[in-house]
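Okay, here's what each chain looks like letter by letter:
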Amino acid sequence: MQIVKTIGEVRSVVKQWKKEGLSVGLVPTMGFLHEGHKSLIERAVKENDRVVVSDFVNPTQFGPNEDLASYPRDLDRDAKLCEEAGAALLFNPEPEEMYYEDRTTSVNMEGLTKELCGKSRPIHFSGVCTVVSKLFHIVTPDRAYFGQKDAQQLAVIKRMVRDLNFDIEIVGCPIIREEDGLAKSSRNTYLSEEERKAAVILNQSLKIGKEMIEKGEKDAAKVKEAIVKNLTTEPLAKIDYVEIVDFNTIEPITTIKGSVLTAIAVYIGKTRLIDNFIVNI
Ligand code: AMP
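1. Looking at the packing of helix α9 (residues 201–214) against helix α10 (residues 220–231)
Moving on, step 1. Interaxial distance between α9 and α10 falls to 9 Å at its minimum, and their mutual angle equals 155°. Looking at the two axes, α9 sits roughly antiparallel to α10. α10 is crossed by α9, and the crossing has right-handed handedness. The residues of α10 that touch α9, namely those facing Ile201, Leu202, Gln204, Ser205, Leu206, Ile208, Gly209, Met212 and Ile213, are Lys222, Val223, Ala226, Ile227, Asn230 and Leu231.
Moving on, step 2. In terms of residue class, the contact of α9 with α10 is made up of 10 nonpolar, 4 polar and 1 charged.

2. Things to note about the packing of helix α6 (residues 124–139) against helix α7 (residues 151–163)
Each pair of packed helices gets described by two things: the angle between the helix axes and the distance between those axes.
Moving on, step 1. Remark: α6 packs on α7, axes separated minimally by 11 Å, with the N-to-C direction vectors making an angle of 55°. Relative to α7, α6 is oriented oblique. As α6 packs across α7, the resulting crossing turns out to be right-handed. Facing Phe125, Val128, Cys129, Val132, Ser133 and Phe136 of α6, the residues of α7 in contact are Gln152, Gln153, Val156, Ile157, Met160 and Val161.
Moving on, step 2. When the residues that make up the contact of α6 with α7 are grouped by side-chain class, the tally is 9 nonpolar, 3 polar and no charged.

3. Notes on the environment of Lys222
Moving on, step 1. Looking at the element boundaries, Lys222 is found in helix α10.
Moving on, step 2. With 10 residues separating them along the chain, Lys222 and Met212 place their C-alpha atoms 9.0 Å apart.
Moving on, step 3. Residues within four places of Lys222 in sequence aside, it is in contact with Met212 and Glu217.

4. Focus on the state of the cysteines
Moving on, step 1. Taken as a whole and judged by the stated rule, the model has 0 disulfides.
Moving on, step 2. Here Cys173 is not cross-linked by a disulfide; its sulfur's nearest cysteine counterpart is in Cys82, at 15 Å.
Moving on, step 3. On the basis of relative accessibility, which here comes to 3%, the residue Cys173 falls in the buried class.

5. Some words on the pattern of salt bridges
Working definition: two side chains of opposite charge can pair if their charged atoms are close together.
Moving on, step 1. Using the criterion set out here, one finds 14 salt bridges in the structure.
Moving on, step 2. One salt bridge in this structure joins Lys184 and Glu178, with 3.4 Å as the shortest N-O distance.
Moving on, step 3. Assessed through its relative accessible area of 28%, Glu178 is described here as partly exposed.
Moving on, step 4. Glu214 is paired through a salt bridge with Lys210; the nearest N and O atoms lie 3.5 Å apart. Of this pair, Glu214 and Lys210 both sit in helix α9, 4 residues apart, roughly one helical turn.
Moving on, step 5. Residue classification places Glu214 among the exposed positions, given a relative accessible area of 55%.

6. Here's the deal with the packing of aromatic side chains
Moving on, step 1. In total, this model carries 4 aromatic pairs according to the counting rule given.
Moving on, step 2. Ring centres of Phe56 and Tyr99 lie 6.4 Å apart, and the angle between their planes is 35°; this geometry places the pair in the tilted category. Taken together, the residues Phe56 in the loop between β3 (50–55) and α3 (75–85) and Tyr99 in the loop between α4 (95–98) and α5 (117–120) connect sequence positions 43 residues apart.
Moving on, step 3. Given a relative accessible area of 10%, Tyr99 falls into the buried group.
Moving on, step 4. Ring centres of Phe62 and Tyr71 lie 5.9 Å apart, and the angle between their planes is 75°; this geometry places the pair in the edge-to-face category. With respect to class, Phe62 is no different from Tyr71; both count as buried.
Moving on, step 5. Ring-pair connections join several aromatic residues into one group, and the members of that group are Phe136, Phe146 and Phe166.
Moving on, step 6. Its guanidinium or amino end placed over the ring of Phe32, Arg77 lies 4.7 Å from that ring's centre, counting from NZ or CZ.

Conventions we followed
- For every chain, the first residue of its written sequence is number 1, and the numbers climb from 1 along that sequence.
- Reporting in this predicted model follows two pLDDT cut-offs: at least 70 for local features of residues, and 80 or more for side-chain atom pairs to be given and counted; totals over whole chains, interfaces and linings ignore these cut-offs and use all residues.
- Excluding hydrogens and water, the side-chain values take into account all heavy atoms of the structure.
- Angular values range over 0 to 180 degrees, each being the angle between N-to-C directions of two axes fitted as lines to C-alpha atoms, with helices fitted over their stretch in contact.
- Helix and strand definitions follow DSSP, with helices as H or I runs of at least four residues and strands as E runs of at least two, each counted in order from the N terminus.
- Here is the rule for angles: anything less than 35 degrees is roughly parallel, anything more than 145 is roughly antiparallel, 65 through 115 is roughly perpendicular, and the remaining ranges are oblique.
- Handedness of a crossing is defined here by the sense of rotation of the near helix relative to the far one, left-handed for an anticlockwise turn of less than a right angle and right-handed for a clockwise turn.
- The contact criterion used throughout is that any non-hydrogen atoms of two residues lie within 4.5 Å.
- Under the convention adopted here, Pro, Cys and the residues Ala, Val, Leu, Ile, Met, Phe, Trp and Tyr are nonpolar, Asp, Glu, Lys and Arg are charged, and Gly plus all remaining residues are polar.
- By disulfide we mean two sulfur atoms from cysteines, separated by a distance within 2.5 Å.
- Accessibility here uses a 1.4 Å probe with only protein chains present; expressed as a share of the type maximum, an area under 20% marks a residue as buried, one over 50% as exposed, and anything in between as partly exposed.
- A pair is scored as a salt bridge if a Lys or Arg side-chain nitrogen falls within 4 Å of a carboxyl oxygen belonging to Asp or Glu.
- Stacked, tilted and edge-to-face are the three classes assigned to paired rings of Phe, Tyr and Trp, where Trp is represented by its six-membered ring and a pair needs centres within 6.5 Å; plane angles under 30 degrees give stacked, over 60 edge-to-face, the rest tilted.
- Put simply, a charge is over a ring when the Lys NZ or the Arg CZ is close to the ring centre, within 6 Å, and near the line of the ring normal, within 35 degrees.

If you want it as structure tokens, here you go:
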């Protein structure tokens, strides 16, 4: 596996692959990789001749009071995991390689980005759409892989690809969890031992909601109320949001029907964690 830091190097490697008629998969990440990322890379390796993993803590998707500076980084460990999973190229640019200081162009999405994480992180999805567009132009993959862990991001990227005619298939991949149900996340490393134990409340509360829906509950408010009630039993948990929306439009719904995303964001101490489930009724 090759590790490169410049856009020029990625372009020349991919150009050669394309000349040979090879298909290319892309897995965009912010690094500090875990089993969740690995599952995306392995899926991409199965479905493409060559796989590029980008490893870039994208500054434009962090708000001024968020964790950009403290976001965990470990390139050596990431490289090992990517190689084991079968990636061919690891792209690890510096921010100066990705962004011109005097840049004036960005990708902004109306709708889909106003609810859920977009509400508490107003500039987040503009940063995500911009960096993912840039990665798509740099790597020109046939397919790109995103986790359902960030369900709103997955919906946003699918919509962006449709609206802007990127010739790329977006593949959504299931959430990989710890044994006790906590969704794997690079941010779990922020948790103290006590907070780590408390963090199981996210998945536990979602499960209660999922069971209600599976048993036939159609009233979104009732499902939401049950999730909130369970979350508030954990003293270390502070709810950012609990929302039930249409997965395709990210618009809140009152009746459970169609493709339904139930998503939560919860602070455990100072660490903001997200989790969700999707049901098709
Ligand atoms: P990140 O490095 O957190 O930006 O994540 C990079 C990609 O990995 C995104 O598409 C995430 O949705 C995905 N991802 C992160 N955690 C998980 C997980 N636990 N299971 C599946 N995919 C994940």
